[in-house]
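Remarks on the overall topology
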Amino acid sequence: AASGHGSVILLAGEAGVGKTTLAQHTLEGSGLHVLEGVAVQGGTSAFGPIVEALRSYLRGAGEEPLTDGPLATHLALLLPELGPPAPTSDRATLFEAIRQALVAIARRRPTVLFLDDLQWADDATPELLGALARSVDSEPLVLLGAFRSDELPRGHAIRRLRSELRRAGRLRQITLEPLGAEPSAALLELTLGMVAPSLRQEVFDRTDGVPFFVHELGSALAASGRLVPSAAGLELLKGEDFPLPDGIREAVLLRAAGLSEQARDAISTAAVAGQTFNP
């Protein structure tokens with residue numbers, strides 16, 4: 001992007017694996033102008049995360065116009081603060097209005113548009129990314145979209161976007177996997193300090209190396225008073241069990257909220273059965 005050549009990059013992985021943290025940490029050190037929008041579960045407004053990103057730009061742009069010309073009134077359909085909107089429009093015209101606005105921003109300063117939680121975005125947003133992919137090669141603009149790979153139904157728009165990008169030879173996807181045992185231990189020790197090998201292994205077994213779970217469980221252990229020092233590092237007090245962090249409890253309840261009563265009964269039974277079992 002800094003040298004004038006943009007692209008579309010997809011960042012995939014299960015919930016809690018660290019997609020947002022990785023993206024934000026990398027972009028903070030990139031020297032590029034970062035625009036960020038987040039799709040909201042249950043909030044499927046048209047182009048929602050892109051509108052959020054453009055609106056944040058407008059708040060910091062002062063007198064600098066977002067766009068001008070004949071398509072400005074079409075963009076005003078999504079951003080009423082730009083002035084009177086066009087009486088009618090269509091998807092292709094809206095796509096072009098958004099494209100012109102993003103290109104105008106990027107030409108002032110090389111830019112990354114980071115769209116997070118795309119698994120919850122409306123269908124129009126991935127479609128727009130597919131359309132933009134054909135025109136950012138010669139622009140200082142990177143489009144970075146992160147999504148939960150474990151929450152994509154068969155007909156999800158992200159699947160269609162990936163198929164379209166693959167056919168065009170433009171698919172660039174980074175898939176994050178959970179951490180291994182040693183990186184999980186290193187993350188745990190950022191919170192707790194030195195821990196005994198037995199505690200390292202137990203935390204890894206319970207979290208499967210998902211960074212969000214490792215961090216939450218480490219924080220809960222630090223606050224629980226259930227750890228004692230030993231020559232090998234911190235250990236769990238004899239007879240004590242692991243706490244259930246509120247953050248993990250809420251994440252699981254939110255994931256299960258959309259399931260049927262029968263499905264919730266099934267996962268409750270599965271939870272008691274353990275990590276693996278014969279169906």
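To be clear, the structure that these remarks concern was listed above.
As the structure is a prediction and not an experimental result, all values here were calculated from the model. (Residues numbered from 1 in each chain as written. Predicted model: local features only at pLDDT ≥ 70, side-chain atom pairs only at ≥ 80, totals over all residues. Heavy atoms only, no water.)

**Thoughts on the sheet that holds strand E4 (residues 141-148)**
Read from one edge of the open sheet, 5 strands run E2-E3-E4-E1-E5, paired in parallel fashion. Looking at which strands have only one partner, the edges of the open sheet turn out to be strand E2 (33-38) and strand E5 (173-175). Along the sheet, successive strands turn relative to each other by an average axial angle of 15°, direction set aside. Examined bridge by bridge, E2 and strand E3 (residues 111-116) share 6 bridges and lie parallel to one another. Counted as the bridge partner of Val34 is Val112 from E3. (Pairing = 2+ DSSP bridges. Helix = DSSP H or I, 4+ residues; strand = E, 2+ residues; numbered from the N terminus. Axes fitted to C-alpha atoms, helices over the stretch in contact; angles between N-to-C directions.)

**Looking at the pattern of salt bridges**
All told, the structure shown has 12 salt bridges when counted by the stated rule. The closest approach of N and O atoms between Glu164 and Arg134, which form a salt bridge, is 3.0 Å. Within this pair, whereas Glu164 is found in helix H6 (residues 157-167), its partner Arg134 is found in the loop between helix H5 (124-133) and E4, the two being separated by 30 residues in sequence. Looking at Glu164, the relative accessible area reads 27%, which means it is partly exposed. By relative accessible area, which is 52% here, Arg134 ends up exposed. (Salt bridge = Lys/Arg side-chain N within 4 Å of Asp/Glu carboxyl O. Buried < 20%, exposed > 50% of the residue type's maximum accessible area, 1.4 Å probe, protein only.)

**Observations regarding the environment of Lys238**
Topologically, Lys238 is positioned in the loop between strand E7 (235-236) and helix H10 (246-256). For Lys238, a relative accessible area of 86% gives the class exposed.

**What to know about the layout of surface pockets**
Taken as a whole, the largest pocket spans an internal volume of roughly 1500 Å³. Taken together, 40 residues make up the lining of the largest pocket; nearest its centre are Phe213, Ile248, Ala251, Val252 and Arg255. Only helix H8 (197-207), helix H9 (211-224), H10 and helix H11 (261-273) provide two or more residues apiece to the lining of the largest pocket. Of the residues contributing to the lining of the largest pocket, the split by class is 21 nonpolar, 8 polar and 11 charged. Estimates place the volume of the second largest pocket at around 250 Å³. Of all the elements in the fold, those that place two or more residues in the lining of the second largest pocket are strand E1 (7-13), helix H1 (19-28) and E4. Split by residue class, the lining of the second largest pocket holds 10 nonpolar, 2 polar and no charged. (1 Å grid on protein atoms, 1.4 Å probe; cavity = no way out; pocket = protein on both sides within 12 Å on 5 of 7 lines; lining within 4 Å. Points joined across faces, edges and corners; volume = space filled by probe spheres on them. Nonpolar A, V, L, I, M, F, W, Y, C, P; charged D, E, K, R; others polar.)

**Looking at the packing of aromatic side chains**
Here the structure, examined in full by the defined rule, presents 2 aromatic pairs. The interplanar angle of 80° and the centroid separation of 5.9 Å between the aromatic rings of Phe47 and Phe95 together place this pair among those described as edge-to-face. Residue Phe47 is located in the loop between E2 and helix H2 (48-60), and its partner Phe95 is located in helix H4 (residues 91-108); the two are separated by 48 residues in the primary sequence. Summarising the burial analysis for this pair, Phe47 and Phe95 share the class buried. With a centroid separation of 5.7 Å and 55° between ring planes, the pair formed by Phe212 and Phe213 is classed as tilted. (Phe/Tyr/Trp six-rings, centres within 6.5 Å; stacked < 30°, edge-to-face > 60°.)

**Some thoughts on the side chain of Glu151**
One can find Glu151 in the loop between E4 and H6. For Glu151, a relative accessible area of 19% puts it in the buried group. Here Arg148 takes part through its side chain, which lies 3.0 Å from a polar atom of the side chain of Glu151. Within polar-contact distance, the side chain of Glu151 engages the side chain of Arg255 at 2.9 Å. For Glu151, the residues in contact, after removing those within four places along its chain, are Gln119, Trp120 and Arg255. (Polar contact = N/O pair within 3.5 Å; in protein donor to acceptor, adjacent residues only side chain to side chain. Contact = heavy atoms within 4.5 Å.)

**Some points on the packing of helix H7 (residues 181-192) against H9**
Orientation of H7 relative to H9, taken along the N-to-C sense of each, is 35°, at an axis distance of 9 Å. Between H7 and H9 the crossing geometry is right-handed. Residue-level contacts link Ser184, Leu187, Leu188, Thr191 and Leu192 of H7 to Pro211, Val214, His215, Gly218, Ser219, Leu221 and Ala222 of H9. The residue inventory of the contact of H7 with H9, partitioned by class, reads 7 nonpolar, 5 polar and no charged. (Left-handed = near helix turned anticlockwise from the far one by under 90°.)

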